[in-house]
Amino acid sequence: ETGVTQTPRHLVMGMTNKKSLKCEQHLGHNAMYWYKQSAKKPLELMFVYSLEERVENNSVPSRFSPECPNSSHLFLHLHTLQPEDSALYLCASSAGQGTYGYTFGSGTRLTVV
Amino acid sequence: GQQVMQIPQYQHVQEGEDFTTYCNSSTTLSNIQWYKQRPGGHPVFLIQLVKSGEVKKQKRLTFQFGEAKKNSSLHITATQTTDVGTYFCAGTTSGTYKYIFGTGTRLKVLA
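Everything quoted here is computed from the prediction, not taken from an experiment.

(A) Layout of the overall build of chain B. When helices and strands are tallied, chain B shows zero helices and eleven strands. Scanning chain B from its N terminus toward the C terminus, one meets helices and strands in the order β-β-β-β-β-β-β-β-β-β-β. Compactness check: chain B gives a C-alpha radius of gyration of 13 Å against a globular reference of 13 Å for 111 residues, within 12% of the reference. Contacts spanning at least 24 positions in sequence make up 54% of the contacts within chain B whose residues lie at least 6 apart. Accessible surface computed for chain B: about 5400 Å², of which carbon and sulfur atoms make up 51%.

Here it is, written out as structure tokens:
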């Protein structure tokens, strides 16, 4: 356990489905992040939340919708995804922005069929 | 936009040999971090460098930040099979929340 828990670990969904990824941290951190990791590509930052406020939306398509109800929880709502969205989705948290190391969760391996 | 490249992309070494990965940014960084991701795992934070020319050591690992704060290196002395994984650098510029991750170097250690 890293202190950042992601569920589910694996998810297979059809292109017309709606699903949500969940992330929970018990580290007292005040910043949370969603990253996408595809094969042969660098980690791509998707969203940043600081104190429950979204501070970064890195040109992510609207079929990905984040939600941060409190500083411990982060969701990524998925709808009408494409096969190219299949990837490992990683949640991370940090004590602040810019100068603190990230603690990553184990990720959700998403396959869109 | 800002890019962070790492070389080499892959490296196979015999156990006991040294290993170095290099990280190069297209822009000046305020600080740089290094992460290790084991096969099938998630990135784990190793270290952060902030000062120009800074050198930090963790046992067999030596991290260096360039004088111009545009490049960095990770050197592993006498590799072990437990060093297998992908090593990522991640840099940020002043005043931003965005850490841009490098392309990673995948290390394989042959026993």
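(B) Highlighting the nonpolar core. Within the largest apolar cluster, 22 residues are counted, with the highest numbers of intra-cluster contacts made by Trp34, Phe64, Leu76 and Leu78 of chain A. Elements with a contribution of two residues or more to this core: strand S2 (10–13), strand S3 (18–25), strand S4 (31–37), strand S5 (44–50), strand S7 (64–70), strand S8 (73–79), strand S9 (87–94) and strand S11 (108–112) of chain A. Non-local contacts of Leu78 of chain A, meaning those with residues more than four positions away in its chain, are made with Leu11, Met13, Asn17, Lys18, Lys19, Leu21, Arg63, Phe64 and Leu110 of chain A. Counting residues in hydrophobic clusters, the runner-up holds 19 residues, among them Ile47, Leu61, Leu74 and Ile76 of chain B.

(C) Region of the structure containing the environment of Ile100 of chain B. All names here are of chain B. Relative to the elements of secondary structure, Ile100 occurs in strand S10 (residues 100–101). Note on Ile100: relative accessible area 22%, which makes it partly exposed. In sequence terms Ile100 and Gln33 are 67 residues apart; their C-alpha atoms lie 10.0 Å from each other.

(D) How the structure looks around the sheet that holds strand S3 (residues 19–25) of chain B. All names here are of chain B. Within the open sheet, the five strands sit side by side as S1-S3-S8-S7-S6. Their pairing is antiparallel. The open sheet has two free edges, formed respectively by strand S1 (4–7) and strand S6 (55–58), since each of these has just one partner strand. Strand-to-strand twist in this sheet, taken as the mean axis angle between neighbours without regard to direction, amounts to 15 degrees. Where S3 meets strand S8 (residues 71–76), six bridges bridge the pair, whose relative direction is antiparallel. In the sheet register, Asn24 faces S8, and the bridge partner there is Asn71.

(E) View of unusual backbone geometry. Looking along the chain, the bond that leaves Thr7 of chain A and enters Pro8 of chain A is cis, with omega of -10 degrees. By the element assignment, Pro8 of chain A lies in the loop between strand S1 (4–7) and S2. Pro8 of chain B follows Ile7 of chain B through a cis peptide bond whose omega is -5 degrees. One can find Pro8 of chain B in the loop between S1 and strand S2 (10–14). One non-glycine residue, Thr80 of chain A, lies in positive phi territory at about 55 degrees. You can see Thr80 of chain A is positioned in the loop between S8 and S9. One non-glycine residue, Ala78 of chain B, lies in the positive phi region at around 50 degrees. When you line up the elements, Ala78 of chain B lands in the loop between S8 and strand S9 (85–92).

(F) Molecular detail of the interface of chain A and chain B. Counting from both sides, the interface comprises 22 residues of chain A and, opposite them, 17 residues of chain B. Counting each side, the surface lost to burial between chain A and chain B is near 1600 Å², with a carbon and sulfur contribution of 59%. For the pair chain A and chain B, the number of links is zero salt bridges. Scanning the region where chain A abuts chain B turns up four residue pairs in polar contact (both at pLDDT 80 or more). Among the secondary structure elements, those contributing two or more residues to the side of chain A that touches chain B are S4, S5, strand S6 (53–57) and S9 of chain A. With three residues, S4 of chain A is the largest single contributor of residues to the side of chain A that touches chain B. For the side of chain A that touches chain B, a count of residues per class yields twelve nonpolar, nine polar and one charged.

Rules of the game
- Residues numbered from 1 in each chain as written.
- Chains lettered and ligands numbered in written order.
- Predicted model: local features only at pLDDT ≥ 70, side-chain atom pairs only at ≥ 80, totals over all residues.
- Heavy atoms only, no water.
- Helix = DSSP H or I, 4+ residues; strand = E, 2+ residues; numbered from the N terminus.
- Rg over C-alpha atoms; globule rule 2.2 N^0.38 Å.
- Contact = heavy atoms within 4.5 Å.
- Areas by Shrake-Rupley, 256 points an atom, 1.4 Å probe, with all protein chains shown as cover.
- Core = buried A, V, L, I, M, F, W, Y, C linked by side-chain atoms within 4.5 Å.
- Buried < 20%, exposed > 50% of the residue type's maximum accessible area, 1.4 Å probe, protein only.
- Pairing = 2+ DSSP bridges.
- Axes fitted to C-alpha atoms, helices over the stretch in contact; angles between N-to-C directions.
- Buried area = accessible area lost by both parts, 1.4 Å probe.
- Salt bridge = Lys/Arg side-chain N within 4 Å of Asp/Glu carboxyl O.
- Polar contact = N/O pair within 3.5 Å; in protein donor to acceptor, adjacent residues only side chain to side chain.
- Nonpolar A, V, L, I, M, F, W, Y, C, P; charged D, E, K, R; others polar.

These values are about where atoms sit, not about what they do.
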